[in-house]
Every structure is written in C-alpha cells, then in structure tokens.
Amino acid sequence: MNTLFKRSLGFPLLCAIASVGIAQAQDTQSGFTASGMLGHFEFDNQLELDGSPFGSIGLGYKFASPWALELTYLKTSTEFRNSGADLDLEQLRMDVLYHFPRQGRAQPYLVAGAGNQTLDTGEDWENSLVNMGFGLNYFVTEGLSIRADMRLFNDIDYEDTHYGLGLGLRYLFGTAQPVSTPKAVKPRDSDNDGVPDSADQCPNTPPNTPVDEKGCKVVLDEDGDGVPDSNDACPDTSRGAVVDAQGCYVVITETKEMTMRIEFGNNSAEINPNSVGEIKELADFMTQYPLTEVVIEGHTDDRGAESYNQQLSEKRAASVARMLIQQFDIDSSRVRSVGYGESRPMVENNSEDNRAANRRVTAKVSAQVKTIQK
C-alpha cells in the first residue's frame, strides 16, 4: 500500500484496533440491517482522476454482540483530468464491522472487508480490492441511526489506494435483547439474625434477638450494674452501685457509724493530706449505696474555751463534708455536718491519750427507705 494509506488512516486505525482488546462491552442489538450512503470518492493521485460523489447501499446482519456483516454495493462516475474521458466505478464487497460500546447515542465502529471492483472506460476492467476504515452510528431511535464513515480502498492488482467519506442512514430490523444480569447470591442466614452462616458462631439464636458480629446474643446492660436489661427491674441504677439479683439497689436498713481518724492542723479546720484516704473510703461506700445519707459529726476535747471548741468542731465537720461533695462527687443533698464541741466525749478528758480519742470526726450513715421502686 502507498504512503496515502499510511498517513491518512494507518496510524489511527492501528490505535483503534489495539483498543478492541480493551473494550469488553455487551452489545445485545441483533437483526438485519439496511443502509444507504452518499459521499465523496477520491482516487489515487497517479490515476489523474477527479474526485467524485458516490452512492452506496448495504444489506447486512447485526449479531447480538459487537460484530456485524454487511454486503455493500457502491457506484461513482468521474473523468480523466487530461483527456476528459468518462470512467464508471462499481464495487461489490463483503465487510466485517466491530462496534465499540455506546456512549449515549453515539457508537463508533471499525470496518474491514474485501470484494471486487469494476472500472468501465469503454471496456471493463475487473480487479480485487480490500478496504478498511472507521465510522460512527448516531442513534435517532433504537432502530434508526445516522451513519458516517471513512474508508481506504486498496486495488490489489494495481496497488492503487483510494479513499471515501460517506454519510447516510442505517436501519436495524430487530430489537435489543435485555442483558441478563446475574442475581447477587445472598449468603445463607438460617436463623435470620443478619449474620451469614459462614460467620455465625451461634447459629440458632431466637428471632428478634440482638446479636453481635459473630451472631451471638448481645446481653444488654444499659446501666452497667451487671444485671441484663431483660431481668433488670431497676434499669436506671447509677454506675458502681451495689444491686441485688433484680438490678435494684441494696438498701442499708440500719444506721452505720464510722469513726474516722482525720488529722487537722493545730487549731485549724484544714485537713491533713494524709487523711484524705479516710474520707475516700466513706465516699466509696456511699457510691456503692446511693440511697444512703451521712451526718458528719465533729468533736473536740475539753481544753480551751467551750465556745471556741464548738466553733472549731463545726468547721472541721464542714471541711470533711465539703471534701465529700467537691472532691468525691457525693450529692450535697446526701451530706450534712454538725459540731458538738466538747459536749460528747467518748472517754474522760483525764489523760493525753483520752483527749486524743475525744478529738474525732464521726460519720453516721443511714438510709431513709428500705426498698426502691422503678
């Protein structure tokens, strides 16, 4: 083939052919086709023939795939530039078409084929030809499309290369077959808990049972008291509280008295940091039993003025109460403080050891109810 072929169609056609392997589209249209085209036919320069209009008709069959066959008849007439003698050209060829995936209404295609060509200059000259090219169908409806293509025609016997540009219509006498899309296979889930059998470690959970990612029953415990919600008669207990088998608070039914060894500065209500642990123990107990209340009592020995000892005992009891509330988050409604000064000694104030025992802070913890209803 000559340089005209190489320059005008060779490279883009090779690129298109290479892309055939990449395009893996499903084209389900099938049926007989009829087409007609008008266009311009340009002869090889060495023949010294003027370009001329041509007309063609084609009948073919479109397979339910990208492929189609088409039998085409083409005719054109021209004249020699030097002599003005007339020439008629007729072609009859069989073409193979490959259709690329549609992009909206547009569908490009490649075409190649072979056939016979007759040149009539007063006598008939017949020779073989091959052709190849590319084109585009623009669908007006599913059956009717506007068709345009470009072809190169190579005269095998004389090694002449011609080309043609055409525009016309194509009609498909058929319908598009629906593409059968495989249905997604739903994993088997025998107990309908939403976890496939392949991952279900508890395959026989009852209906409507909450399960985890392993398909096992989720034991819900919204209040975190260790009693499942399904058995929890008191579902709103506070975190860390002691509860019974029904999830309700265990209630203290008698007053408990705790004597705490709280150290204070000399003649001061400031708590020594070494004594914070004593107060924390009381706070932990009250957290475990949320229905309890406490009265913090402050006591002194008999040294000093009675009025001064009364004020000091009140301040020291209030300091302990304040730490319970502010540092250990015990609700203020559950805490009271009172000072008794030197009026309630545990033992006689007749020795240093006895006086130390009388300088004390006590916590009387009690509950106002015996049961709780939720």
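Look up a bit, the structure's there.
Read on for a plain summary of the structure.

Parameters and conventions
Residues numbered from 1 in each chain as written. Predicted model: local features only at pLDDT ≥ 70, side-chain atom pairs only at ≥ 80, totals over all residues. Heavy atoms only, no water. Helix = DSSP H or I, 4+ residues; strand = E, 2+ residues; numbered from the N terminus. Buried < 20%, exposed > 50% of the residue type's maximum accessible area, 1.4 Å probe, protein only. Disulfide = S-S within 2.5 Å. Phe/Tyr/Trp six-rings, centres within 6.5 Å; stacked < 30°, edge-to-face > 60°. Lys NZ or Arg CZ within 6 Å of the ring centre and 35° of its normal. Axes fitted to C-alpha atoms, helices over the stretch in contact; angles between N-to-C directions. Parallel < 35°, antiparallel > 145°, perpendicular 65-115°, else oblique. Left-handed = near helix turned anticlockwise from the far one by under 90°. Contact = heavy atoms within 4.5 Å. Nonpolar A, V, L, I, M, F, W, Y, C, P; charged D, E, K, R; others polar.

What about unusual backbone geometry?
Link 1 in the chain: One non-glycine residue, Glu48, adopts positive backbone phi at about 55°.
Link 2 in the chain: Along the chain, Glu48 falls in the loop between β1 (31-42) and β2 (52-62).
Link 3 in the chain: The class of Glu48 is partly exposed, set by a relative accessible area of 37%.
Link 4 in the chain: Even without glycine at this site, Asp329 takes up a positive phi of about 60°.

Notes on the state of the cysteines
Link 1 in the chain: If you walk through the whole model with that rule in mind, you get one disulfide.
Link 2 in the chain: Linked covalently through their sulfurs, Cys202 and Cys216 form a disulfide whose S-S length is 1.9 Å. The sign of the 80° torsion about the S-S bond sets the Cys202-Cys216 disulfide as right-handed. Residue Cys202 is found in the loop between β8 (160-173) and β9 (256-260), and its partner Cys216 is found in the loop between β8 and β9; the two are separated by 14 residues along the sequence.

Let's talk about the packing of aromatic side chains
Link 1 in the chain: Under the defined criterion, the tally for this structure stands at nine aromatic pairs.
Link 2 in the chain: When the ring of Phe32 is compared with that of Tyr61, the centres are 5.0 Å apart and the planes differ by 75°; the resulting orientation is edge-to-face. Here the residue Phe32 occupies a position in strand β1, and Tyr61 occupies one in strand β2, the gap between them amounting to 29 residues.
Link 3 in the chain: On the accessibility criterion, Tyr61 (29% relative accessible area) is partly exposed.
Link 4 in the chain: Judged by centre distance (4.7 Å) and plane angle (70°), the ring pair of Trp67 and Tyr98 falls under edge-to-face. Of this pair, Trp67 sits in strand β3 (residues 67-79) while Tyr98 sits in strand β4 (residues 86-99), and the two are 31 residues apart along the sequence.
Link 5 in the chain: By way of ring pairs, the aromatic residues Phe41, Phe43, Phe54 and Phe153 are connected into one cluster.
Link 6 in the chain: Just above the ring of Phe139 sits the side chain of Arg102; from NZ or CZ to the centre is 4.1 Å.
Link 7 in the chain: Over the ring of Tyr340 we find Arg344, and its NZ or CZ is 3.8 Å from the ring centre.

A word on the packing of helix α2 (residues 276-288) against helix α3 (residues 306-326)
Link 1 in the chain: Viewed as axis vectors pointing N to C, α2 and α3 meet at an angle of 60°, and their least axial separation amounts to 10 Å. When the interaxial angle is binned, α2 and α3 end up oblique. With respect to the hand of their crossing, α2 and α3 are arranged in right-handed fashion. Here Val276, Ile279, Leu282 and Ala283 of α2 come into contact with α3, specifically with Val320, Met323 and Leu324.
Link 2 in the chain: The residue inventory of the contact of α2 with α3, partitioned by class, reads seven nonpolar, no polar and no charged.

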